Structures are given as structure tokens and as C-alpha cells.
Amino acid sequence: MTAPVTIADVARLAGVSAVTVSKTLNNTGRISEQTRARVIQAARDLGYVANPAARRLRGARTNLVGMVVPELVSPYFAEVARAAAEAASSAGLDLGVFTTSRDPARERERVAALSGGLADGLILVVPTDDPQHLGVLERSRTPIVLISHFGTPTDLPNVRADSYHGAHAATTHLLDLGHRRVGFIAGADGSSQAHERLRAYRDAMGERGLLDPALIRPGNFTQRRGFEAARELLDLPHPPTAIFAASDATAFGAMDAVKDRGLRVPQDISVVGFDDIAAASQSHPALTTVRHPIHDMSDSALRLLAGALAGETVRGTVLDYPSELVIRETTAPPRSP
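Just so we're clear, the structure is a prediction, and the values are computed from it rather than from any experiment.

Colleague: I'd love a proper account of the nonpolar core, names of residues and values included.
Modeller: Burial of nonpolar side chains together is a common tendency in soluble globular proteins. If you look at the biggest cluster of nonpolar residues, it comprises 71 residues, and the most contacted ones within it are Met67, Ile123, Val125, Val182, Phe184, Tyr201 and Phe244. When residues in this core are grouped by element, the largest group, eight residues, is from helix H5 (residues 75–90). Those residues in contact with Val125 that sit more than four places away from it in its chain are Met67, Val68, Val69, Pro70, Phe77, Val80 and Ile147. Core analysis: the second largest hydrophobic core is formed by twelve residues, Leu64, Leu124, Leu134 and Ile144 among them.

Colleague: Quick rundown of the sheet that holds strand S1 (residues 64–69)? Include the residues and the values.
Modeller: An order of S2-S1-S3-S4-S5-S11 is seen for the six strands of this open sheet, with the pairing classed as parallel. At either end of the open sheet lies a strand with only one pairing partner, and these are strand S2 (94–99) and strand S11 (318–321). Direction aside, the axes of adjacent strands within the sheet are offset by 15 degrees on average. Where strand S3 (residues 121–125) lies against strand S4 (residues 144–147), four bridges are found, and the strand directions are parallel. By the bridge assignment for S4, Leu124 is matched with Leu146.

Colleague: Break down the packing of aromatic side chains for me, with residues and values.
Modeller: Summed over all chains, the structure comprises three aromatic pairs. Relative to Phe77, the ring of Tyr76 lies with its centre 5.3 Å away and its plane at 70 degrees, an arrangement referred to as edge-to-face. Classification of Tyr76 by relative accessible area gives buried; the value is 5%. A relative accessible area of 4% means that Phe77 is categorised as buried. Judged by centre distance (5.3 Å) and plane angle (65 degrees), the rings of Phe184 and Phe244 are edge-to-face. Linking Phe184 in strand S6 (residues 182–185) with Phe244 in strand S8 (residues 242–245), this pair joins segments that are 60 residues apart in sequence. For Phe184, a relative accessible area of 0% translates into the label buried. Residue classification places Phe244 among the buried positions, given a relative accessible area of 0%. Three or more aromatic residues joined by ring pairs form one cluster here, namely Phe184, Tyr201 and Phe244. In this arrangement the basic side chain of Arg197 is found over the ring face of Phe274, its NZ or CZ atom lying 3.7 Å from the centre.

Colleague: So what about the pattern of salt bridges? Which residues, and what values?
Modeller: Evaluation of the coordinates by the stated rule reveals 19 salt bridges. Close ionic contact of Asp320 with Arg160 constitutes a salt bridge, the shortest N to O distance being 2.5 Å. Highlighted residues: Asp320 in strand S11 and Arg160 in strand S5 (residues 158–161), separated in sequence by 160 residues. Between Asp299 and Arg303 there is a salt bridge, with the nearest N and O atoms lying 2.8 Å from each other. Placement of the pair is Asp299 and Arg303 together in helix H12 (residues 294–309), with a separation of four residues, close to one helical turn.

Calculation notes
Residues numbered from 1 in each chain as written. Predicted model: local features only at pLDDT ≥ 70, side-chain atom pairs only at ≥ 80, totals over all residues. Heavy atoms only, no water. Core = buried A, V, L, I, M, F, W, Y, C linked by side-chain atoms within 4.5 Å. Buried < 20%, exposed > 50% of the residue type's maximum accessible area, 1.4 Å probe, protein only. Helix = DSSP H or I, 4+ residues; strand = E, 2+ residues; numbered from the N terminus. Contact = heavy atoms within 4.5 Å. Pairing = 2+ DSSP bridges. Axes fitted to C-alpha atoms, helices over the stretch in contact; angles between N-to-C directions. Phe/Tyr/Trp six-rings, centres within 6.5 Å; stacked < 30°, edge-to-face > 60°. Lys NZ or Arg CZ within 6 Å of the ring centre and 35° of its normal. Salt bridge = Lys/Arg side-chain N within 4 Å of Asp/Glu carboxyl O.

Set out below in C-alpha cells:
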């Protein structure tokens, strides 16, 4: 096996000292343009790649930002990661995305590894709502920014969109169309964002005196669970005439279940999702959903993290973005008996 290329190798090829190579690659100190060009060309010729962990141990910046997400199978988290990567590139940072498979223990492992020397800063998307875990994050010396955290109070900078009012608007939209039995497929257990959407659904139904626990089904934000949960709702003695799903992926699964029963959306069953991922406007029929400004949120999270890395005080910052109900083709008044 070939040994990794070192700074000493680059220095020998460029005919300079290792210190000069280090200053050139880290953009520190006074280096002539001629020497800089020679060092960079030598590094390219040898295929030199800096070791981020080693640089961190020497007290140098890695320019790597870690993003921890529950999963990338979900189109929503994939779009969040893509938007963050674009924002990181514009800020001159590299982004590494790490998944947890919605396992709190794995999330803690990822955070420990990244804050232990691999990354300069962290962005946690929909972090586990556990007070002890949040306490560890707050004590970390590595700058951390949260995306879409609700629930346990924390002074960590937090970028979030309004899940409660968006979910309340979605439920109210169905009620205003004339639906009285509105089923709800919840999000992942342990997600503070999912709790906000469930709370809003319960409040909206309760305000009309229509809340029925039998119409609530557990979920996990996936299309497969949306299909299963919708079938359970359709099997009820008095099935719903509309289904509100806690994510667009779940809503797509619900639509598949409706069609599997030989029913039509929205003529027989109305369906609403949440997130407004790219596929929502491209489905047939196009999905009524709640929009979150994913790109704006990711960009703000990167800006906060870059500010923290530059020495700015960002603790206690909470950036709330509004959610927006987007009415398309999957909702209609209930069919007359």
C-alpha cells in the first residue's frame, strides 16, 4: 500500500521548508506569489490531501462543518443537506453530512466524533429532544447550530419554521372544506417537530368539537408507514374523508393506499402533506401541503455557524420562519353521501 503524501513530501518537491508549505496551504504568513504557486503545484502533482483531524489537533481550522440529519432517504432531509452544501460552499466551507437512522444513541456518537476534532462546527437537524443530550451540546466547545428544534428550552442558536401554525392551517383547511372526520398520520416519535404538528391537529379538531383519538395513527415520516397507516384509517367502521400526514413522503404513501382501495384523491379522500418537497408539485394529482423555506433556513444556519467560528456571539439566537399552506389538487369538499 502507498503511504499517504505528507507536507514534507510537498516541501521536498517544491524546494521549500515544511513550515512554508504549511503557511501556504493554510493561507497564513507572508509568502511570495512565486513560492505560493510552486507549493500549490507540488501539492497538486503529489495529490496531497490535508488531514482535518490532524490539523485540528494542531489548533488549526479544518474548514469542515458537520451536519447531522436523521436520514437521507427522506426527500426533506436530502433537500436540507443540499441547500446547506450550497451555502457552505459560498462561505468557503466544506460540509460533511452524517446520518443517525433516527437513533438517539447514534446521534450522540456522531456529535461526539465531530466535536472531538473532525469538524470546526456542527449543524443538527431535528435533534433528539432530550434534556440531558441538549445539556451536553450546550457545554461543547465546538459551535453548534440547531435546525427545527422545538420542545426542551436551550440557548443554542436555533433556526426553525413554524410547524404548529402550518399544521393548524392544514387541518383547518380540511375542516373548512366540510370534512368532519379528518385522519392524522403522525411523525417520528421523539421528534419535537412531529409533536408540534400533532398538537396543532388536536387543537384544530378540538376547536370544532371533532377530535377523535381513533383517527390518529403513529408514523415515522416515511412513505411506507403512510401507506400502512392510511390503510388502518380506511379500515375503520367510520373512515375519514380526509387525511393529514405529517410529511409529504407520508402523504404519498397515504395516496397510494387510497388508490389501492380503488378510491380517488381528492374525489373520495382528500390528502394533505407537510414540507413541500420538490416532488409535491410534480405528483399526480399535485399535493396540497405546508411549505417550509428550506433554502433560507439552511443558509441562515450556515451564517450563524460561520459567525460563531469568527468569534461572534450567537447563543440565544432563534430565527423563526413562517410556514405557508400551499393548496393544490389533493383537497376538495367531501363527496355527498
